[in-house]
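The residues making up each chain are set out below.
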There are 2 protein chains.
Amino acid sequence: MRKVDPVKHERKRGEILDAAIRCFTRDGFRGASTTDICTEAGISPGHLYHYFPSKIAIIEAMIDLGLCRSAERFEKILTATDVIEALLADIEETSLRFRPAQILNLDGLAEAARNPEFAKIIERHTEAVRRMWADFLRRAQSQGRVDPGLDPEATANILIAIIDGSRAMPIRNPKLDIKQSTAHLKTMLIRFLSPPEAGSAASKPRDQRASRPLTLVRKR
Amino acid sequence: MRKVDPVKHERKRGEILDAAIRCFTRDGFRGASTTDICTEAGISPGHLYHYFPSKIAIIEAMIDLGLCRSAERFEKILTATDVIEALLADIEETSLRFRPAQILNLDGLAEAARNPEFAKIIERHTEAVRRMWADFLRRAQSQGRVDPGLDPEATANILIAIIDGSRAMPIRNPKLDIKQSTAHLKTMLIRFLSPPEAGSAASKPRDQRASRPLTLVRKR
DNA sequence: TCTTTACTAGAGAGATCACTCTATTAACAT
DNA sequence: ATGTTAATAGAGTGATCTCTCTAGTAAAGA
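In this text, all values refer to a predicted model and were calculated from it rather than measured experimentally.

Chemist: Outline the side chain of Ser 95 of chain B, listing residues and values.
Modeler: Residue and element names in this part refer to chain B. Position of Ser 95 among the secondary structure elements: in helix H5 (residues 83-97). A polar contact of 3.1 Å, which involves the side chain of Ser 95, links it to the side chain of Arg 167. Apart from the residues lying within four places of it in its own chain, the contact partners of Ser 95 are Asp 90, Gln 102, Ile 163, Ser 166, Arg 167 and Pro 170.

Written as structure tokens, this is what we have:
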């Protein structure tokens, strides 16, 4: 009897999934057809359905993969000491510059808005991310980096909303000045999150004072 | 010879458009078919194409209508004296509570991300809204209500991003506490926008001091 | 070596989509 | 009253979509 080789099987599945991600990024969940995915992956329809039971299964696998990756990214962020710099670096790299993240994020949210199964996945993911941010905020609060008067969960919600919103920025304005936008986001976050003691001077110095004691995590 | 009655024609067009909006809200731009729209409007396909040359034309008309309505909403906001309260009232009513706005906004952005024609429309709209917010911010700055150190255009971009992000919040978390979220958004906006002089006290008093001199615009 | 089963191809079924074409009815101008 | 054209219906067209079915090939265990 011949047995299925799990390693080979998983590798092939991964290849198909990558092709599918390219297609979905290019044309959207509804715009990309299984035929497109087959062409992109260089396989036949029968072959595709040997690895995935349906189109929605491909999308779900893709979302799971995306969630894994964003969790990994988050772990990396968590090693940083400064919430604001960490968040900004993440926003600039992933939200403002990385097109697929912008598109798939929007597509996923739009789909979740009308597909209950999809919504479940997004809600679960959001919950996980919120918990991570809230934990981090709590830690930052106990270290005096973040205003202890802010509710961590609600603040995490707002941070997530800011990330979502920044993903829409380059779409709304393709000529967006990313450096300037990042700088303004930084100002906003510092003023929002800093403990009140740090906010007692004039506008510009206030920003500096709030961010100086924190380590930078710029990736480049 | 019989002439077309522009009033009657426009009224019928409007009815069909309303039906289309309901369909697009329910199923998305790609998910809603012309057959669905016909059923919803109670007309035949031939009839639909008597009023609109194509499906994309219906969507464009819908977006134009949305832009008109958001411009109207904005005019109303502009009559308010306080940016922050005005923005918050708008966010709470339109973004956090009004489902169609959440869905159609996401769908429109997702479509714009891959359809250049669509992108043009969204970009034009965004530009108009940004100009409105920037004007308002400038006025608020000259009145000492908003930190004059903030660049109005860049700040407007961020406000738009916040609005976009808040529209995703109820989708990411259907059990969202809207009151609490509005309160946190308010804290964030006050700390972000207030002139530096207002930010010299402790956390809670700071919020109060920044918001007290401004007139409230609560709709209810 | 031989059998079994995974791997792979591709035709095509059945549904659905955006849209067209033809035909009928109804309202206005003369 | 009558001709002209708008308003409306609905069958149908060709394209495309997801997914199935049959069948051939290759590899691993007996």
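Chemist: So, the packing of helix H1 (residues 6-27) of chain B against helix H4 (residues 55-78) of chain B: which residues are in play, and what are the values?
Modeler: Residues and elements named next belong to chain B. With their axes 10 Å apart at the nearest point, H1 and H4 run at an angle of 95° to one another. Regarding the angle of H1 to H4, the classification is roughly perpendicular. Each of Arg 13, Leu 17, Asp 18, Ala 20, Ile 21 and Phe 24 in H1 lies in contact with H4, whose residues at this interface are Lys 55, Ile 58, Ile 59, Ala 61, Met 62, Leu 65 and Arg 69. In the contact of H1 with H4, the residues fall into 9 nonpolar, no polar and 4 charged.

Chemist: Account for the relation of the copies chain A and chain B, naming residues and giving values.
Modeler: Mapping chain A onto chain B calls for a rotation angle of 180° and an axial translation of 0.0 Å; the resulting RMSD is 0.1 Å. With respect to symmetry, the two chain copies, as superposed, fit the operation of a two-fold axis. Looking at the interface residues of chain A, 100% of them are also at the interface in chain B, so both copies use one shared face.

Chemist: Explain the interface of chain A and chain B residue by residue, including any values.
Modeler: Listed as interface residues are 57 residues of chain A and, on the opposing side, 57 residues of chain B. Overall, the association of chain A and chain B removes approximately 4500 Å² of surface from exposure, summing both partners, and the carbon and sulfur fraction of that is 60%. Inspection of the region where chain A meets chain B yields 6 salt bridges. The salt bridge partner of Asp 147 of chain B is Arg 191 of chain A, with a shortest N-O separation of 2.7 Å. Across the chain A-chain B interface, the total number found is 18 residue pairs in polar contact (both at pLDDT 80 or more). Take the side of chain A that touches chain B: its biggest share by element is 14 residues, from helix H8 (residues 152-172) of chain A. Split by residue class, the side of chain A that touches chain B holds 25 nonpolar, 18 polar and 14 charged.

Reading the values: the criteria
Residues numbered from 1 in each chain as written. Chains lettered and ligands numbered in written order. Predicted model: local features only at pLDDT ≥ 70, side-chain atom pairs only at ≥ 80, totals over all residues. Heavy atoms only, no water. Helix = DSSP H or I, 4+ residues; strand = E, 2+ residues; numbered from the N terminus. Polar contact = N/O pair within 3.5 Å; in protein donor to acceptor, adjacent residues only side chain to side chain. Contact = heavy atoms within 4.5 Å. Axes fitted to C-alpha atoms, helices over the stretch in contact; angles between N-to-C directions. Parallel < 35°, antiparallel > 145°, perpendicular 65-115°, else oblique. Nonpolar A, V, L, I, M, F, W, Y, C, P; charged D, E, K, R; others polar. Least-squares fit on C-alpha atoms with pLDDT ≥ 70 in both. Buried area = accessible area lost by both parts, 1.4 Å probe. Salt bridge = Lys/Arg side-chain N within 4 Å of Asp/Glu carboxyl O.

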